[in-house]
Amino acid sequence: MMANKILQLLEEQNLRAVREETLKMNYVDLEQLLEEMPQDKMLVVFRMLPKETAAEVFAEMDSEYQQFLVEAMTDDEVAGIVDRLYMDDTVDLVEEMPANVVKKVLRNTDETKRKIINQILNYPEDCAGSIMTTEFVDLKKEMSAGDALEHIRKTGMNKETIDTCYVIDGQRKLEGEVTIRKLILSRPDESVKALMDANVKSVQTLMDKEDAAYLFRKYNLVSMPVVDMENRLVGIITADDVIDVIEQENTEDFHKMAAMTPSEQEYLKTNVFVLAKNRIIWLLVLMVSATLTGYIIRHYEATLSQVVALTAYIPVLMDTGGNAGSQSSTMIIRSLALNELGFRNIFGVIWKEFRVGVITAAILAVVNLLRILIFDRVGIWIALTVCGSMFCIVITAKVVGGMLPILAERLHMDPVIMASPLITTIVDTVSLLIYFAFATTLLGIA
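Remember, it's a predicted structure, so these values are computed and weren't measured experimentally. (Residues numbered from 1 in each chain as written. Predicted model: local features only at pLDDT ≥ 70, side-chain atom pairs only at ≥ 80, totals over all residues. Heavy atoms only, no water.)

Of the regular secondary structure elements, the protein holds 21 helices and 6 strands. Taken over the C-alpha trace, the protein has a radius of gyration of 30 Å; the compact-globule value for 446 residues is 22 Å, which it surpasses by more than 25%. Principal axes of the C-alpha set define a box for the protein whose edges measure 90 × 60 × 35 Å. Of the contacts formed within the protein by residues at least 6 apart in sequence, a portion of 67% connects residues at least 24 apart. If you sum the accessible surface of the protein, you get close to 24000 Å²; carbon and sulfur atoms cover 57% of it. (Helix = DSSP H or I, 4+ residues; strand = E, 2+ residues; numbered from the N terminus. Rg over C-alpha atoms; globule rule 2.2 N^0.38 Å. Contact = heavy atoms within 4.5 Å. Areas by Shrake-Rupley, 256 points an atom, 1.4 Å probe, with all protein chains shown as cover.)

Following this line, the structure appears as structure tokens:
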């Protein structure tokens with residue numbers, strides 16, 4: 001491993017070789033390398049990196065390693081790193097650090113940058129303004145292409161991206177956008193006004209960042225302007241920020257679908273008591289809701305006592321129904337997230353899931369009927385009771401699983417919550433009611 005090689009070179013005091021090896025590496029690989037090393041060795045290697053590379057590596061690091069480096073470095077070293085960080089990375093750093101580290105960072109940040117950091121921190125955590133950067137290239141429509149390129153040469157080095165430049169008026173109101181490609185390939189005397197696209201897609205500072213990420217993906221953008229209520233350009237959102245938002249939202253959805261409160265930290269770095277707290281609430285809810293199925297079973301104890309064989313098939317029916325409902329809900333939740341579906345489509349979803357349910361239920365019921373008759377050696381009426389119940393349960397679970405997430409969104413609830421806890425409870429209850437209805441009807445018992 002590279003980490004072992006670097007550690008060996010450090011033991012041999014061969015610092016020149018260490019520097020040569022690290023200069024060959026990409027900054028992402030360097031970040032992974034440093035996090036594999038003991039902290040004292042990590043600090044030595046980090047200090048050997050060129051300043052630009054060090055800033056890129058620092059921005060990639062987890063907050064605990066950033067905290068260690070800031071606490072270990074001198075004020076001048078901290079100032080050198082912070083000065084080279086893009087604004088959104090600096091804001092992320094300040095947000096995640098304890099107070100003593102934040103003071104050290106801000107103490108070594110120039111006044112202009114501190115004001116911008118405080119401005120961004122004032123935005124709500126889940127809005128577009130909280131993930132934007134203020135480092136972008138703005139142009140005036142009166143400029144020529146040649147003037148615009150000269151402006152980019154003078155100011156672009158410290159901007160997060162120059163691929164797309166934004167055209168503003170004297171009051172900083174957004175008027176359009178123009179790509180660096182178009183500026184380079186145009187005549188030097190051609191005006192920016194003639195080259196710009198006035199139909200620019202933008203988001204407001206207070207828009208939910210998940211909605212902003214959807215628009216970003218919908219229009220295949222590499223950056224998107226952020227404007228205030230008066231359409232004044234205040235920042236841009238870049239692709240790396242959108243990727244972080246999508247990853248965060250997907251992680252939250254996975255946790256919710258598993259009936260857990262989302263955690264902001266990595267699994268191995270999360271305290272066991274925090275993990276337990278995140279899980280126990282929904283476990284308690286599910287445990288209490290499961291008492292409903294217990295009541296149903298107790299109500300039909302007489303039925304089960306007359307035909308004991310019925311008891312053995314309850315887990316199969318409940319599990320099959322739960323799985324069928326989860327399949328449908330997962331598909332619908334994904335389509336809702338992509339804005340492919342809405343409440344207007346609810347009847348279409350019900351009809352489609354009903355037809356899918358009929359096909360899958362028929363196959364499952366026939367296969368199960370053959371299995372029961374061949375291996376279980378029970379009477380034909382018990383087999384028909386089980387398989388008839390399965391047919392109805394799967395269809396019901398498909399319809400419920402497809403319908404509930406849409407209803408949840410209509411009621412301004414999180415559709416993901418419907419995916420596991422509520423659908424499982426409803427399908428289990430309905431499964432038992434259907435099963436015992438078939439048993440009392442086909443077997444002639446009460």
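Having put the structure on the table, let's press on.
All right, on to the sheet that holds strand E3 (residues 174–179) then. The sheet built from 3 strands is open, its strands ordered E1-E2-E3 with mixed pairing. Two strands lie at the open edges of the sheet, namely strand E1 (138–139) and E3, each paired on one side alone. Across 2 bridges, E1 lies against strand E2 (residues 164–168) in parallel orientation. Its bridge partner being in E2, aspartate 138 is matched across the sheet by tyrosine 166. (Pairing = 2+ DSSP bridges.)

On to the environment of serine 63, then. The topology assignment puts serine 63 in helix H6 (residues 63–72). With a relative accessible area of 29%, serine 63 lands in the partly exposed category. Each C-alpha atom, one on serine 63 and one on valine 94, is 9.9 Å from the other, the two residues being 31 residues apart in sequence. (Buried < 20%, exposed > 50% of the residue type's maximum accessible area, 1.4 Å probe, protein only.)

It is worth spelling out helix H9 (residues 99–107) at this point. Listed in full, the buried residues belonging to H9 are Val101, Val102, Lys104 and Val105. The buried residues of H9 occupy one face: seen down the axis, they fall within an arc of 160 degrees. Opposite the buried face of H9, by more than 90 degrees, sit the exposed residues Ala99 and Lys103. Where H9 is buried, its residues contact H6, helix H7 (75–84) and helix H8 (87–96). (Arc of directions from axis to C-beta.)

What follows is about the pattern of salt bridges. One pass over the full model with this rule turns up 16 salt bridges. The residue aspartate 75 makes a salt bridge to arginine 107 at a minimum N-O spacing of 3.1 Å. Taken as a pair, aspartate 75 in helix H7 and arginine 107 in helix H9 lie far apart in primary sequence, 32 residues in all. A relative accessible area of 32% means that aspartate 75 is categorised as partly exposed. When salt bridges with common partners are traced through the structure, they connect Lys5, Glu21 and Lys24 into a single cluster. (Salt bridge = Lys/Arg side-chain N within 4 Å of Asp/Glu carboxyl O.)

Along helix H2 (residues 15–23), the residues that are buried comprise Ala17, Val18, Glu21 and Thr22. Buried residues of H2 fall within an arc of 130 degrees about the axis and therefore sit on the same side. Those residues of H2 hidden inside the fold are in contact with helix H1 (2–11), helix H3 (27–35) and helix H4 (39–48).

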